[in-house]
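# Results of the structural survey
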Amino acid sequence: MDKSLLQIKDEVEHFFHSVCVAKSEKASDAHRNAFYEVVALLDKGIVRVADFLNGKWVTNEWVKKGILGYIYCAEARILPDYPVLYQDHSDYKYQKNRDVSTVRIVPPSHVRFGSYIGSNVVLMPSFINIGAYIDDGVMVDTFASIGSGAQIGKNVHISAGSGIGGVLEPIQ
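Summarised in this report is the structure supplied together with it. (Residues numbered from 1 in each chain as written. Predicted model: local features only at pLDDT ≥ 70, side-chain atom pairs only at ≥ 80, totals over all residues. Heavy atoms only, no water.)

Before going further, it helps to examine the pattern of salt bridges. What the rule picks out here adds up to eight salt bridges. R112 is paired through a salt bridge with D88; the nearest N and O atoms lie 2.5 Å apart. In this pair, R112 is assigned in the loop between β6 (110–111) and β7 (116–117) and D88 in strand β4 (residues 86–88), connecting sequence segments 24 residues apart. An identical accessibility class is assigned to R112 and D88; each is buried. Here K154 makes a salt bridge to D136, at a shortest N to O gap of 3.7 Å. On the criterion of sequence distance, the pair formed by K154 in the loop between β13 (151–152) and β14 (157–158) and D136 in the loop between β10 (133–134) and β11 (139–140) is long-range, its members being 18 residues apart. We classify D136 as partly exposed; its relative accessible area is 27%. What emerges from the salt-bridge pattern is a single network uniting K3, E11 and E37. (Salt bridge = Lys/Arg side-chain N within 4 Å of Asp/Glu carboxyl O. Helix = DSSP H or I, 4+ residues; strand = E, 2+ residues; numbered from the N terminus. Buried < 20%, exposed > 50% of the residue type's maximum accessible area, 1.4 Å probe, protein only.)

Here it is, written out as structure tokens:
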């Protein structure tokens, strides 16, 4: 049976505190899997670092903790499936799921696993960090960066060389 979002949230809160803050436990497969679940949900656009509720943005701290736990528990490794050799804590978004039928990605764009990319998005050579949410119809122009947890709405053009900051730490 699949876990509910509340169960995942509770697990992440507990694991983040015990592994990343208090350091009372060493990272186990259970910890890594819980953090991975959050990043996989981000990757599909099911959860977001922030939600627009009742006219204001609300941060989902547990999602940020999931991202930080994922990075904290991951070993840096060579990513051999990417055409350019990278060593990173996070997989390339399209390393495992190569369905890019609704996205145009111009090399050498780097899109981290755990970022959500909507349909009809154009990514010129750019960097999209883990936890970013990019809605439908967005154009990310050349050498732009979208930070962790940044929220980009529909049909937005991010100009060349721009940086859209996102915040994971400190947890707020």
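The rest of the description comes next.
Let us look at the packing of helix α1 (residues 5–21) against helix α2 (residues 29–43). Each pair of packed helices gets described by two things: the angle between the helix axes and the distance between those axes. Direction vectors running N to C along α1 and α2 enclose 130 degrees, while the axes themselves pass 9 Å from each other. In terms of orientation, α1 and α2 fall into the oblique class. At the point where α1 passes α2, the crossing takes the left-handed sense. Contact residues: L5, I8, E11, V12, F15, F16, S18 and V19 in α1; A30, H31, A34, F35, E37, V38 and L41 in α2. Class assignment of the residues belonging to the contact of α1 with α2 gives a composition of 11 nonpolar, two polar and two charged. (Axes fitted to C-alpha atoms, helices over the stretch in contact; angles between N-to-C directions. Parallel < 35°, antiparallel > 145°, perpendicular 65-115°, else oblique. Left-handed = near helix turned anticlockwise from the far one by under 90°. Contact = heavy atoms within 4.5 Å. Nonpolar A, V, L, I, M, F, W, Y, C, P; charged D, E, K, R; others polar.)

The next point concerns the sheet that holds β11. Taken in spatial order, the four strands of this open sheet run β5-β8-β11-β14, and their pairing is parallel. Each end of this open sheet is capped by a strand with a single partner; those strands are β5 (103–105) and β14. The pairing of strand β8 (residues 121–123) with β11 spans two bridges and is classified as parallel. Residue L123 lies in a different strand from β11, and its bridge partner there is V140. (Pairing = 2+ DSSP bridges.)

This part covers the environment of G69. Among the structural elements, G69 can be located in helix α3 (residues 61–73). Remark: the alpha-carbon pair of G69 and K154, spanning 85 residues in sequence, is separated by 29 Å.

With four bridges joining them, strand β1 (residues 50–53) and strand β2 (residues 56–59) adopt antiparallel strand pairing. Opposite D51, over in β2, you have V58 as the bridge partner. Once β1 ends, the chain turns through two residues before running back antiparallel as β2, passing N54 with a positive phi of about 50 degrees.

What follows deals with the side chain of S115. By secondary structure assignment, the location of S115 is in the loop between β6 and β7. For S115, a relative accessible area of 0% corresponds to the buried category. Within the structure, S115 has its side chain in polar contact with the backbone oxygen of R112 (distance 2.6 Å). With residues up to four places along the chain from it excluded, the contact list for S115 reads L42, D43, K93, I128, N129, I130, G131 and A132. (Polar contact = N/O pair within 3.5 Å; in protein donor to acceptor, adjacent residues only side chain to side chain.)

This part is about α3. Here α3 spans 18 Å end to end across 13 residues, near enough to the 18 Å set by a 1.5 Å rise per residue. Among the residues making up α3, those that are buried are W62, V63, K64, K65, G66, I67, L68, G69, Y70 and C73. Residues of α3 that are buried sit in contact with α1, α2 and β2. (Expected span 1.5 Å × (residues − 1).)

Function cannot be inferred from these measures alone, as they are strictly geometric.
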